[in-house]
Amino acid sequence: MTIRTVVLFTAALLFAAMSVQPSIAANLGDPSSLNEKAPDVYKAKFDTSKGTFVIEVHRAWSPNGADRFYNLVKNGFYNDARFFRVIDGFMVQFGISGNPDLSAVWREARIPDDPVKQSNTRGMVSFATAGPGTRTTQVFINFGDNAGLDGQGFSPFGQIVSGMDVVDAFFKGYGEGAPRGQGPDQGRVQTEGNAYLITDFPKLDYVKKATIEQ
């Protein structure tokens, strides 16, 4: 193997690593600094592997959730994130970074709970929780009428206003996550990021870029 071949091979490996390991923007490295108050109403546009959808967020519905989502989208947190839990008839969940270093920074960056003022009906968007006071970065979009979630503290902060057909088209073949199902293990997503998902679950759809639209 020539020196030139070695250099080219090394460059290819570095490029491949970068493609599954999104870089950390400097402002994402300190969750406490991303505390800008969101507008009363704003739209977040998500360009994905299946097309584009838009979430309209109402701060009055869930102020802490709306503020957190605004800061995450504005600063590029969701870019290149996979829709890792897609359950037909129930919901699609995303919001674990493709970069495990970034996941580690945000894993304990919790926000206070908001009262549930809207119902988790089709197209509504809420933060995922593991119990009271545990919301961080993961959100889900309801496929159907999941009003049963309302009493569990899942507080919708926005709704899909265009592109619900795109959301409906996300790949659902992996089903529920491990260990209950055959889908991705969230623990491994946290620690290994896109390197794990691209290798073991290559059909997952993903966010290309998310932006705020006033």
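Residues numbered from 1 in each chain as written. Predicted model: local features only at pLDDT ≥ 70, side-chain atom pairs only at ≥ 80, totals over all residues. Heavy atoms only, no water.

Colleague: Let's hear about the pairing of strand β1 (residues 41–48): which residues, and what values?
Modeller: Burial along β1 is one-sided: the face carrying Tyr42, Ala44, Phe46 and Thr48 is buried and the face carrying Val41, Lys43, Lys45 and Asp47 is not. Once β1 ends, the chain turns through two residues before running back antiparallel as strand β2 (residues 51–58). (Buried < 20%, exposed > 50% of the residue type's maximum accessible area, 1.4 Å probe, protein only. Helix = DSSP H or I, 4+ residues; strand = E, 2+ residues; numbered from the N terminus. Pairing = 2+ DSSP bridges.)

Colleague: Talk me through the nonpolar core; I want residue IDs and the actual numbers.
Modeller: Counting 36 residues, the largest nonpolar core has Phe46, Phe53, Phe69, Tyr78, Ile141 and Val167 as the members making the most contacts within it. The element best represented in this core is helix α2 (residues 63–74), accounting for five residues. Counting eight residues, the second largest nonpolar core, distinct from the first, contains Phe84, Leu197, Phe201 and Leu204. (Core = buried A, V, L, I, M, F, W, Y, C linked by side-chain atoms within 4.5 Å.)

Colleague: Describe the layout of surface pockets, listing the residues and the values that go with them.
Modeller: In this structure, the largest pocket encloses a volume near 500 Å³. Along the walls of the largest pocket sit 26 residues, with Gln93, Ala128, Thr129, Ala130 and Gln138 positioned nearest its centre. The set of elements that each furnish at least two residues to the lining of the largest pocket consists of β4 (91–94), α3 (100–106) and α5 (186–192). When its residues are assigned to classes, the lining of the largest pocket shows 10 nonpolar, 12 polar and four charged. (1 Å grid on protein atoms, 1.4 Å probe; cavity = no way out; pocket = protein on both sides within 12 Å on 5 of 7 lines; lining within 4 Å. Points joined across faces, edges and corners; volume = space filled by probe spheres on them. Nonpolar A, V, L, I, M, F, W, Y, C, P; charged D, E, K, R; others polar.)

Colleague: Requested: an account of the pattern of salt bridges, with residues and values cited.
Modeller: By the definition in use, this model includes 11 salt bridges. Note that Arg122 is salt-bridged to Asp168, the shortest N-O span being 2.6 Å. Of this pair, Arg122 sits in the loop between α3 and β5 (124–127) while Asp168 sits in helix α4 (residues 164–168), and the two are 46 residues apart along the sequence. We classify Asp168 as partly exposed; its relative accessible area is 29%. Notably, a salt bridge pairs Glu176 with Arg180, separated by 3.7 Å at the nearest N-O pair. (Salt bridge = Lys/Arg side-chain N within 4 Å of Asp/Glu carboxyl O.)

Colleague: Quick one: what's the story with the sheet that holds β1, residue by residue and with numbers?
Modeller: Strand order in the open sheet made by the eight strands is β3-β4-β6-β5-β7-β2-β1-β8, with antiparallel pairing throughout. Edge strands, defined here as strands with exactly one partner in the open sheet, are β3 (85–87) and β8 (207–213). The average angle at which neighbouring strand axes cross in this sheet is 25°, direction not considered. Judged from the three bridges that link them, β5 and strand β7 (residues 156–162) form a sheet pairing that is antiparallel. Bridge pairing links Met124 to Gln159 in β7. Across the sheet, α2 is in contact with β1, β2, β5, β6 (139–142), β7 and β8; its angle to β1 comes to roughly 45°. (Axes fitted to C-alpha atoms, helices over the stretch in contact; angles between N-to-C directions. Contact = heavy atoms within 4.5 Å.)

Colleague: Which residues make up the packing of aromatic side chains, and what values do they have?
Modeller: Evaluation of the coordinates by the stated rule reveals 19 aromatic pairs. Summarising the aromatic geometry, the rings of Phe77 and Trp106 are spaced 5.9 Å apart at their centres and angled 65° between planes, so their arrangement reads as edge-to-face. One end of the pair, Phe77, is in the loop between α2 and β3; the other, Trp106, is in helix α3, with 29 residues separating them in the sequence. Since its relative accessible area comes to 2%, Trp106 is described here as buried. Of the aromatic side chains, those joined through ring pairs into one cluster are Phe46, Phe53, Phe69, Phe77, Tyr78, Phe83, Phe94, Trp106, Phe127, Phe157 and Phe170. Of note, Arg82 hangs over the ring of Tyr206, and the distance from its end group to the ring centre comes to 4.4 Å. (Phe/Tyr/Trp six-rings, centres within 6.5 Å; stacked < 30°, edge-to-face > 60°. Lys NZ or Arg CZ within 6 Å of the ring centre and 35° of its normal.)

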